[in-house]
Structures are given as structure tokens and as C-alpha cells.
Amino acid sequence: MRQSMAALGLKGLIAALWIAASPAVGFEIEETRDFPAPEGGGRMLAILSTTDTDIFAPLLLEFQTRNPSVAIRYTVASTQEVYRAIADEGAHFDLVIS
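Everything quoted here is computed from the prediction, not taken from an experiment. (Residues numbered from 1 in each chain as written. Predicted model: local features only at pLDDT ≥ 70, side-chain atom pairs only at ≥ 80, totals over all residues. Heavy atoms only, no water.)

Draft legend 1. Looking closely at the overall build of the protein. On a plain count of helices and strands, the protein comes out with 3 helices and 4 strands. The N-to-C order of helical and strand elements in the protein reads α-β-β-α-β-α-β. Every one of the 98 residues in the protein was classed for burial, and the buried ones make up 24%. A fraction of 79% describes how many contacts in the protein between residues 6 or more apart in sequence connect residues 24 or more apart. (Helix = DSSP H or I, 4+ residues; strand = E, 2+ residues; numbered from the N terminus. Buried < 20%, exposed > 50% of the residue type's maximum accessible area, 1.4 Å probe, protein only. Contact = heavy atoms within 4.5 Å.)

What follows is the structure, encoded as C-alpha cells:
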């Protein structure tokens, strides 16, 4: 009995280490597009959205004409993946649009 408990403990430890060493799955990204700052440098604005980049690009570019030192990283994911990213994984974005 003592030997089987030790064997179970070792198997449990190996399983825990294997799970801990496995890479995180993460949310599924459909597209990421960077809009470099027109004036270079500055800060990066990270946006997560369910809206296609082609639809939002004109607004992002207009924002940059008014804020030329701001670069934008625009990431598109499905509604379910946006929820997973924020609620389950605690991903950091400056703005989430869904």
C-alpha cells in the first residue's frame, strides 16, 4: 500500500510538471496589423477588436493624423476569443472593441 501511494505521488508530480511546462494555449488571433507612428517613436496603442481591420483602418489613420506620435497595433479576433483574452487570460489592451 505504501509503495502504491508513493507511485501515485510520483505520477502526480510528473503530471503536474508536464502540465506546467506545456505552453499556454492563448486566444486565437485572426489578424494583427501595425500602424507605425507617422512621426516615429512615441507610444504604442494596443487595440483588440472584432471589427475587420479594413473597416477600421480609415479611423485609425485619421486618429494618427491628430496624434502623429502614436503607433497602433490593431488585433482582430472573434467575439468569443476577445472574451477569452480579457476575462480568462487577462490580456492587456488599451482599448477593446466588440
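Draft legend 2. Examining the sheet that holds strand β3 (residues 70-76) more closely. As summarised here, the arrangement of the 4 strands in space is β1-β3-β2-β4, forming an open sheet in which the pairing is mixed. On the outer flanks of this sheet lie β1 (31-35) and β4 (95-97), each paired with one strand and no other. Strand after strand, the sheet turns through a mean of 20° between neighbouring axes, direction not considered. Pairing analysis gives 3 bridges linking strand β2 (residues 43-49) to β4, with the strands arranged parallel. Its bridge partner lying in β4, Ser-49 is registered against Ile-97. (Pairing = 2+ DSSP bridges. Axes fitted to C-alpha atoms, helices over the stretch in contact; angles between N-to-C directions.)

Draft legend 3. Main features of the pattern of salt bridges. Counted under the stated rule, the structure contains 6 salt bridges. Note that Glu-31 and Arg-33 form a salt bridge whose closest N and O atoms lie 3.3 Å from each other. Take Arg-33: its relative accessible area is 29%, and that puts it in the partly exposed class. Across the pair Arg-66 and Glu-62 runs a salt bridge whose closest N-O atoms are separated by 3.1 Å. Taken as a pair, Arg-66 and Glu-62 lie in helix α2 (residues 53-66) at a separation of 4 residues, close to a single helical turn. The exposure class assigned to Arg-66 is exposed, which follows from its relative accessible area of 65%. The class for Glu-62 is partly exposed, based on a relative accessible area of 38%. Each of Glu-31, Arg-33 and Asp-54 takes part in salt bridges that share partners, so that together they form one network. (Salt bridge = Lys/Arg side-chain N within 4 Å of Asp/Glu carboxyl O.)

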